[in-house]
Each structure stands twice: as C-alpha cells, then as structure tokens.
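These are the residues of each chain, in order.
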Amino acid sequence: MLGGIAAGSFALAVAGALALNAGGASQAGREPSCKPGGSLQRIEGLSEASGLAVSRTTTGRLWAHNDSGQPVLHAVDLQGKVSGQVKIDGARLEDWEALSIGSCGSSGAASCLYIADIGDNDAERRQITIYRLAEPDSSATSAKVADVFHASYPDGAHDAEALLVGPDGAMFVVTKGSGGPVALYRFPRDLKPGAAVRLERVGDPMAAKPARPDRITDGAMSMDGEWVALRTLQSITFYRAADFLRGDFTEAHRVDLSTLREPQGEAVAFGADGTVFVAGEGGGKGLPGTLGVLSCRF
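A brief look at the structure comes next. Model, not experiment: these values are computed from the prediction.

**Some points on the layout of surface pockets**
For step 1, the next point in the chain: As a volume, the largest pocket reaches approximately 330 Å³.
For step 2, the next point in the chain: Lining of the largest pocket is provided by 20 residues; of these, Arg132, Asp168, Gly169, Arg189 and Leu191 occupy positions nearest its centre.
For step 3, the next point in the chain: Broken down by class, the residue content of the lining of the largest pocket amounts to 10 nonpolar, 5 polar and 5 charged.

Laid out in structure tokens, this is it:
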C-alpha cells in the first residue's frame, strides 16, 4: 500500500538488499534472482515520475524527472525525499521518458546523465532527442547540457520510454509497443553531437503488439554492462546484455511487481551493487510519485 511502510523500514529494506548482494557474489552461468523488498515510498513533487538513475558520484542519491513541465532533474534520497532540484540549461522538455547514466565520451567528466526526450504518444515526431550532461554535484541548482543527439527511426515514428546506455556510452532505444511490436533500435557507433542520425533496428523483443500492461515503460543497463532490465506496468524482465543487444531476446528472469501495488510503474534503475530501484507516477490528480526497491542476486 502506498506509504504503508515507514521511511526507516524502507531504509532497512534497502540495507537488506545491499546485504543480499554482498553475500551473493556473481557466479558465471548463474541465473539472476530478484524480489521486491519492502513497500513504496512517496516522492513528493514528482507526480509524473518517469525517469530514474542512481548517482555514481554521491552515495545514496537517485536522480529522477517528470515527463512534462520544466526541464528539471530532482535529487532523491533512498527514502523518497527530494533533496534538491537542478534546472537543465540547454534542454527542452517535449516528453522526457527515460534517464540513464554512463560514460561521458571525450569530455573527461567522471559520470554523465542521459536524458531521453523520446515520448511520442501519437507517433508523429520527426525525431527524438537525447541530452547528455556531466552529473551535477551535490550543491548544484543548475547544470548545462554538454551534448545533444538527434535521431529518427528508419521505419516511421514510434512511442518509446526506454533508453539503454552501455558503460562505453553506446545508446539503444526500446519502443513501448503501443503501435506495434516492441522493437530495439541502436544509435550509430560513430555518433557526433549535434548531427541528426538514423537509428538501426536490431530486432523485436516482443514480436506482436502487447496488451497495455505489458508495454515497455522503461529500461536500464547495469553499470558493468552485464544485464539489461525492461519494465512494464506489472513486471521487470532481465536479459543478458551481450545477447539482448545483438538481437537474442531470451529472458533470464522475470519479476512480478504486482505486490508493490504501484499506481503506475514507469522507471527502473540498477544500483552499483545490483540493487534495483523502481519509480512511478502517482496515479493522477497530482498525487506524489512512488519509489520502491528490489532485492537481487546477479
């Protein structure tokens, strides 16, 4: 139930997830195992929480954003409290749907955020846009976009809510599946900021148009590049990244999220140790967004 667990208990659930991972080091060939830990926390001010990423520079910090409104990132702690807001200079917000973290390319920054303006409910956009910026420090109130990437699909417009960024900065988009099959698209490897490029279709993780509860609302890649997670309103499916990104969509593990009772599950992010966080919208009428945690072994 929303808000049915105290902040301290949620922190204990997070600590338990960390301990579970610390006690279960990765073994070659072992299948992943994940289960929800604890209940949901409210995220005040993020009624349309849509993107989520775990900071690589500040312990205990998550980054999140709404999918409409002002171009702002919200710093969120592990109890769901918004501890700061960072205005993003040089970015427009048409329909921000995903947030990833990864390499900064040749800029020299230690960690970069990738904001994906890729939502397209009516499938009519001529191009999508990705904004890349150095991860803001703990005291920042504004940050400037370093690089902008524009892209179009080779087969017409699609609605999408999932951006995957590899440790080397390689980018992939997974479409939602609202107008046809769920499809994986790849950005060119020799990507230059500012130029408009055409994406390459890799394949279809879901060959038929899925029902609404099974449409892809976000995706993430683990920091070591080993795992891909795709989430829907009701589940998360894990894939081995090396297979998934070349078009082999064999599932490694699926987690039922129904016990979390999210009003509208929208986001997923890997923690540094394999802990997985989920966030979502509040369910309408300005209700606060939600934050949950999964205890995982990889």
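**Re the nonpolar core**
Within soluble globular proteins, side chains that are nonpolar generally end up buried alongside one another.
For step 1, the next point in the chain: Ranked by internal contacts, the top residues of the largest apolar core, which has 21 residues, are Ile130, Leu163, Met171, Val173 and Phe187.
For step 2, the next point in the chain: Elements with a minimum of two residues in this core: strand E7 (112-117), strand E8 (128-134), strand E10 (147-152), strand E11 (160-165), strand E12 (171-175) and strand E13 (182-186).
For step 3, the next point in the chain: Leucine 163 has contacts with Ala98, Ser100, Tyr114, Ala116, Ile118, Ile130, Met171, Phe172, Val173 and Gly219, leaving out every residue within four places of it along the chain.
For step 4, the next point in the chain: Counting residues in hydrophobic clusters, the runner-up holds 18 residues, among them Cys34, Leu40, Leu260 and Leu294.

**Focus on the state of the cysteines**
As used in these notes, a disulfide is a covalent bond between sulfur atoms, one from each of two cysteines.
For step 1, the next point in the chain: Counted according to the given criterion, the structure contains 2 disulfides.
For step 2, the next point in the chain: Put simply, cysteine 34 and cysteine 296 are joined by a disulfide, and their sulfur atoms are 2.0 Å apart. The S-S bond linking cysteine 34 to cysteine 296 shows a torsion near 120°; that makes this disulfide right-handed. Of this pair, cysteine 34 sits in strand E1 (residues 33-43) while cysteine 296 sits in strand E22 (residues 289-297), and the two are 262 residues apart along the sequence.
For step 3, the next point in the chain: Residue class for cysteine 34 comes out buried when judged on its relative accessible area of 9%.
For step 4, the next point in the chain: Between the sulfur atoms of cysteine 104 and its disulfide mate cysteine 112 the distance is 2.3 Å. Its S-S torsion of approximately 115° makes the covalent link between cysteine 104 and cysteine 112 right-handed.
For step 5, the next point in the chain: Each disulfide of the chain joins two cysteines, and with those cysteines numbered along the sequence the arrangement is 1-4, 2-3.

**Topic: the sheet that holds E1**
Strand pairing within a sheet occurs via backbone hydrogen bonds; the two strands may be parallel or antiparallel.
For step 1, the next point in the chain: Taken in spatial order, the 4 strands make up an open sheet running E1-E22-E21-E20, and their pairing is antiparallel. Only two strands of the sheet have a single neighbouring strand rather than two, namely E1 and strand E20 (264-270). Between one strand axis and the next, the sheet turns by 25° as a mean value, whatever way the strands run.
For step 2, the next point in the chain: Where E1 lies against E22, 8 bridges are found, and the strand directions are antiparallel. Directly across from cysteine 34, in E22, lies its bridge partner cysteine 296.

**A look at the sheet that holds E13**
For step 1, the next point in the chain: Strand order in this open sheet of 4 strands is E11-E12-E13-E15, and the pairing throughout is antiparallel. Across the chains shown, the open sheet's two edge strands, defined by having one partner strand only, are E11 and strand E15 (200-206). The sheet shows a mean angle of 25° between the axes of neighbouring strands, direction not considered.

**Some words on empty space enclosed by the protein**
If a probe as big as a water molecule is rolled over the atoms, it shows which places are left empty.
For step 1, the next point in the chain: Scanning the entire structure with this criterion turns up 1 cavity of 30 Å³ or more.
For step 2, the next point in the chain: Approximately 110 Å³ is the volume found for the largest cavity.
For step 3, the next point in the chain: As for the largest cavity, its lining consists of 14 residues, and the residues nearest its centre are Ser100, Ile101, Ala220, Met221 and Phe270.
For step 4, the next point in the chain: Contributions of two or more residues to the lining of the largest cavity are made by strand E2 (49-54), strand E6 (96-102), strand E16 (218-221) and E20.
For step 5, the next point in the chain: Of the residues assigned to the lining of the largest cavity, the class counts are 12 nonpolar, 1 polar and 1 charged.

**Notes on unusual backbone geometry**
For step 1, the next point in the chain: Of note in the backbone geometry, alanine 123 takes a positive phi value of approximately 50° without being a glycine.
For step 2, the next point in the chain: Mapped onto the elements, alanine 123 comes out in the loop between E7 and E8.
For step 3, the next point in the chain: The phi dihedral of lysine 285 falls on the positive side, at around 55°, and the residue is not glycine.
For step 4, the next point in the chain: Inspection of the secondary structure puts lysine 285 in the loop between strand E21 (276-281) and E22.

**Focus on the pairing of E10**
For step 1, the next point in the chain: Judged by how many residues are buried, E10 sits mostly within the fold: 5 of 6 residues are covered.
For step 2, the next point in the chain: Where E8 meets E10, 5 bridges bridge the pair, whose relative direction is antiparallel. Looking at E10, one finds that isoleucine 130 is bridged to phenylalanine 149.
For step 3, the next point in the chain: Alignment of E10 against strand E14 (residues 196-198), held across 3 bridges, turns out to be parallel. Counted as the bridge partner of alanine 151 is valine 197 from E14.

Procedures and definitions
- Residues numbered from 1 in each chain as written.
- Predicted model: local features only at pLDDT ≥ 70, side-chain atom pairs only at ≥ 80, totals over all residues.
- Heavy atoms only, no water.
- 1 Å grid on protein atoms, 1.4 Å probe; cavity = no way out; pocket = protein on both sides within 12 Å on 5 of 7 lines; lining within 4 Å.
- Points joined across faces, edges and corners; volume = space filled by probe spheres on them.
- Nonpolar A, V, L, I, M, F, W, Y, C, P; charged D, E, K, R; others polar.
- Core = buried A, V, L, I, M, F, W, Y, C linked by side-chain atoms within 4.5 Å.
- Buried < 20%, exposed > 50% of the residue type's maximum accessible area, 1.4 Å probe, protein only.
- Helix = DSSP H or I, 4+ residues; strand = E, 2+ residues; numbered from the N terminus.
- Contact = heavy atoms within 4.5 Å.
- Disulfide = S-S within 2.5 Å.
- Pairing = 2+ DSSP bridges.
- Axes fitted to C-alpha atoms, helices over the stretch in contact; angles between N-to-C directions.

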